[in-house]
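Analysis of the macromolecular model
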Amino acid sequence: MAKYDPLYGFLKPFIGDLTISFADVARIIGCRKLPDSAYKRPAWWGNEKPTGKSHVHSRAWMDAGYKAEADLQKQEVTFRKACRPDLIGTAD
């Protein structure tokens, strides 16, 4: 099992947008906290094309049909359900 598979499993059944704290994301994947870059760099929350070179954390929400929008100040992320299949797997 990959580290971020639990995040995929958590998001997959939802049908709408969802805002959760970074701490909740860490709990979902079974960690005390996310990597430091998740708290400091918006790029960590980037929505990458699904290639072999994309980051596993990005693939977790992208494969579940979501795009991430992080608010580093609030330490929250909104996962927005992609309404159109052509939006899934495209970089912002």
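Here is what the cut-offs are and how they apply
Residues numbered from 1 in each chain as written. Predicted model: local features only at pLDDT ≥ 70, side-chain atom pairs only at ≥ 80, totals over all residues. Heavy atoms only, no water. Pairing = 2+ DSSP bridges. Helix = DSSP H or I, 4+ residues; strand = E, 2+ residues; numbered from the N terminus. Axes fitted to C-alpha atoms, helices over the stretch in contact; angles between N-to-C directions. Contact = heavy atoms within 4.5 Å. Core = buried A, V, L, I, M, F, W, Y, C linked by side-chain atoms within 4.5 Å. Buried < 20%, exposed > 50% of the residue type's maximum accessible area, 1.4 Å probe, protein only.

This next bit is on the sheet that holds strand S1 (residues 18–21). Taken in spatial order, the three strands make up an open sheet running S1-S3-S2, and their pairing is antiparallel. Edge positions in the open sheet fall to S1 and strand S2 (66–71), since each of these has one partner strand only. Direction aside, neighbouring strands of the sheet carry axes that sit 25° apart on average. The sheet contact formed by S1 and strand S3 (residues 76–81) spans four bridges and is antiparallel. Along S3, the bridge assignment pairs serine 21 with glutamate 76. Where helix H2 (residues 22–29) meets the sheet, it contacts S1, S2 and S3, and its direction lies at approximately 85° from that of S1. Packed onto the sheet, helix H4 (residues 56–63) meets S2 and S3 and runs at close to 125° relative to S2.

Counting 22 residues, the largest nonpolar core has Leu34, Trp45, Trp61 and Phe79 as its most contacted members. Ranked by residue count, the leading element in this core is H2, at four residues. For tryptophan 61, the residues in contact, after removing those within four places along its chain, are Leu7, Leu11, Trp44, Trp45, Gly46, Asn47, Tyr66, Lys67, Ala68 and Phe79.

Further remarks concern the pairing of S2. With six bridges connecting them, S2 and S3 associate as antiparallel partners. If you follow glutamate 69 over to S3, its bridge partner there is threonine 78. The antiparallel hairpin formed by S2 and S3 contains four residues in its connecting segment, where glutamine 75 sits at a positive phi of about 55°.

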